[in-house]
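This is what each chain is made of:
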Amino acid sequence: MTRFFCSSGISGKGLTDFLEVVVFVPVSVDHSFDGFDLVVDAFQAANWLLLTHGGTSKTIRPARGLCQVADACNREPVFGPTYIPRFFRAWSLCSRWIQSKGLIVSKSRHAFFRVLSFLGSLQLAVALLVLIATVLAVTSFLEAIHGSAYVRWFVYEQPWFCGLWAVLAVNIACGAVRRFSLQRPPIGLLFTHAGLLVLLLGMLISFLQGKQGVLELAEDQEAGEFVVPAVSQITASWVGKPDERPFKFAFDGGPVDWTAGHELEVGEVDGVGARIVRYLRHASLRHDWAPDSARAGGPYLTFKVLGPDGKKVASHWLSAGRYGNALMVGPLRIQLEQATSDAMLENFRDVEEKSLAEQGSLTIYYQDMVKQVSVHEFLEKRIALDDSGVTIEIVQYLPNARPSQAGSFVTKGEQPGNPMVELQVHMPGEVTPFRQIAFAKDPLLNLDGVYPRDCPVKFRYEHPALDAGTSVELLRALNGELLARTCQNGKRTFHGQVQAGGRIEVSNNFQVEIEEFFPFAKEKVSFQPAFGKRVKNSEPAVLVELRVAGTTHELWLQRNVPLRSHGTIETSDGSLSLSYGNGTEPLGFNLKLTDFDRRQGLDGAGDAEYASRLQLVGRDGKPLDDAEIGTNRPLRHEHFTICQAGVGESRHNAQASRFTVTFDPGRPLKQAGCVMIFCGIAVMFVRRSIAGGKDANARVRARIEAAGISTATEEWKHPDETWSKSREAA
């Protein structure tokens, strides 16, 4: 080292600057550096160079002092047995000498160390933990009142809450650095602090990138994506263009209604842009009707019921968009239908009393044809409708019908209480028949709203054992006229045409007045905030604004509600269909439910365990593997954890299994953090136990020496008298 500096020709000033960087800076920040002999050689070379090159006392004194410190260390060979304690002794002497000469600032006076001491202090840690615990306690009460979505939106996902955990992580890191000692490294403390940091990092990754959803599969059903209830999704697709992929716009509206002026731009795909103009977390439907100039809509009317004194008792509205609608106002039934043919209109005018068979009579309406048959005569037989090729089969007759859990109907006793007939309509050229029902109590109740296409044949079922009570039947003719008839005590009366402002007499001097009537009306659906009991089970509604080819269109949609979650917008490029539901995420593979087991408990009440057998299918459609999921046996595949959540039944009486799907990318870090914390606590416990044993031995020795007994090694070699004295002293 000395020969290197002498041959290099470095000046005294340059060498001093070099030493300040290489030697003083590492010493000033308490960093260790190996090769203490090299440093001593560097000090001696610096002293020699400064003396030979005419260095001043100001520049010579630091190097000379360091050489004196180095000589005081009694250095031995570098790899000798006392190298490590000698190194730390030299380190301490150098640090003290440099601080005594004012060459560096001590830790207690340096601003950086003061900030480090504050950030890593125990007082700050206790304050943060108390604050976080208080926030979580208040959050638990808010969650019980408003639900988990509310606290997730207003607490867990807020920047200030994430900032609390970030400050806690800084406190843990600074505390570990502050308590680090090179002479006696706190290994257990370092492991514990590092484990806490790793745990917080894993929680952050899980919070930012984790996903959780649900998946429901019926037997032999296959799916490649799962539903995320916390996310909403609007899907737009062109009608009649199956080759074009649908547009998907995902967003999270939050747990409360948006204030006025709050809008969200959700994106633009292939010239189709979407924006959420209004969002109602809890919404109730509001109907507005207007005349339809295209004469494509159904009839709409408002009416009021007047008492014997002429005062209004109640007021309501009715619409018959598909076939008909009815409602009860006390004991009075108000019914509105639309005629599908002139034959149906003539049958409505015919109020002549007819005798009914024991199981009732069924009236069939198809195009311009009306046919009335006896249920008992044609039960389990087919009825041909002349030369049309349409046949009707009365599958079963139920005198007192009740719905079953399997989606079908059963009878409760043979006494007629709610007569019903189940039908099948066989259309020419179609393999699958229409399934239809007809009730004597509610003639307008059918299955048209269940299936995507309405049944072209309509039915009216009447039973002799059933008293229809008092009713007002209204019918819109094909030309738009409104006709009325009443039914009282089993007798029908035709009242002819009724216009807005007209009144219909019913029993006990009650009257029904038509306030407003649109023969062809279109519905303007909108939503308003829901209050009271309707809030709990209501779904959110959004007002969507779509921009297509420079034109703006608006449409109200309600999530996951039949007939309200779908809508169609007519644009210059074609019809655009919209649907509003929960967000979806791809799995990257497909799951197919092949079999399902449900095991009951010992008492026979309830299910003790569920088990689903699944088949994993790759993206190319090839089977990968078979797996079984139980109540406490989840499936882990490609970073996803799939657990059995429950069981149910699908629409067609098939078993359906429900699963929860979780994607947690921070789980390995959280597990590693917990292991590190455990190891750190174990190391600290062992080290404290050893230190406690040494302290106990030291106290015993001190008490022995206080008794005047020497603890030298030589005296302990003859324990006869010394041992007894030591025991007495102890």
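For the structure itself, look to the data block above.
Residues numbered from 1 in each chain as written. Predicted model: local features only at pLDDT ≥ 70, side-chain atom pairs only at ≥ 80, totals over all residues. Heavy atoms only, no water.

A. Quick peek at the side chain of Glu393. Structurally, the position occupied by Glu393 is in strand S14 (residues 391–398). Among residues more than four places away in sequence, those in contact with Glu393 are Lys381, Arg382, Glu422, Leu423, Gln424 and His426. (Helix = DSSP H or I, 4+ residues; strand = E, 2+ residues; numbered from the N terminus. Contact = heavy atoms within 4.5 Å.)

B. Examining unusual backbone geometry more closely. For Gln367, which is not a glycine, the phi torsion comes out positive at approximately 50°. In this structure, Asn509 takes a positive phi of about 60° despite not being glycine. What makes Asn509 exposed here is its relative accessible area of 57%. (Buried < 20%, exposed > 50% of the residue type's maximum accessible area, 1.4 Å probe, protein only.)

C. Molecular detail of the packing of helix H7 (residues 122–146) against helix H8 (residues 148–156). Between H7 and H8, the shortest axis-to-axis distance is 7 Å and the interhelical angle comes to 145°. The handedness of the crossing between H7 and H8 is right-handed. Contact residues: Val135, Leu136, Thr139, Leu142, Glu143 and His146 in H7; Ser148, Tyr150, Val151, Val155 and Tyr156 in H8. Here the residues of the contact of H7 with H8 sort into 7 nonpolar, 3 polar and 1 charged. (Axes fitted to C-alpha atoms, helices over the stretch in contact; angles between N-to-C directions. Left-handed = near helix turned anticlockwise from the far one by under 90°. Nonpolar A, V, L, I, M, F, W, Y, C, P; charged D, E, K, R; others polar.)

D. Examining the sheet that holds strand S17 (residues 420–426) more closely. Spatial strand order, S13-S14-S17-S18: 4 strands in an open sheet with antiparallel pairing. Strand pairing shows two members of the sheet lacking a second neighbour, strand S13 (382–384) and strand S18 (434–439), which therefore form its edges. Averaged over all pairs of adjacent strands, the angle between their axes in this sheet comes to 30°, without regard to strand direction. Two strands pair when backbone bridges link them, and S17 and S18 are joined in this way by 6 bridges, in the antiparallel orientation. Each bridged residue has a counterpart across the sheet, and for Met420 the counterpart in S18 is Phe439. (Pairing = 2+ DSSP bridges.)

E. Spatial organisation of the sheet that holds strand S23 (residues 503–505). Ordered by their spatial adjacency, 4 strands build an open sheet running S8-S7-S24-S23, and the pairing between neighbours is antiparallel. Where the open sheet ends on each side, the last strands, each with one partner, are strand S8 (312–319) and S23. Across the sheet, the mean angle separating the axes of adjacent strands is 25° when strand polarity is ignored. In terms of strand pairing, strand S7 (residues 300–306) meets strand S24 (residues 511–518) through 7 bridges, oriented antiparallel. For Thr302, the partnering residue across the bridge sits in S24 and is Glu516.

F. Representation of the packing of aromatic side chains within the structure. Under the definition given, this model contains 17 aromatic pairs. Ring geometry for Tyr150 against Phe154: centres 4.7 Å apart, planes inclined by 45°, an arrangement best described as tilted. Of this pair, Tyr150 and Phe154 both sit in helix H8, 4 residues apart, which is roughly one turn of that helix. What makes Tyr150 partly exposed here is its relative accessible area of 22%. Note on Phe154: relative accessible area 33%, which makes it partly exposed. A ring pair is formed by Trp289 and Trp317, whose centres lie 6.0 Å apart and whose planes are at 55°; its orientation type is tilted. Here Trp289, found in strand S6 (residues 283–291), pairs with Trp317, found in strand S8; they are 28 residues apart in sequence, far enough to count as distant. On the basis of relative accessible area, Trp317 is assigned to the partly exposed category, the value being 33%. Put simply, the rings of Tyr156, Trp160, Phe161 and Trp165 touch in pairs and so form one group of aromatic residues. (Phe/Tyr/Trp six-rings, centres within 6.5 Å; stacked < 30°, edge-to-face > 60°.)

Note that every value here comes from positions in space, so none of it alone points to a role or purpose.
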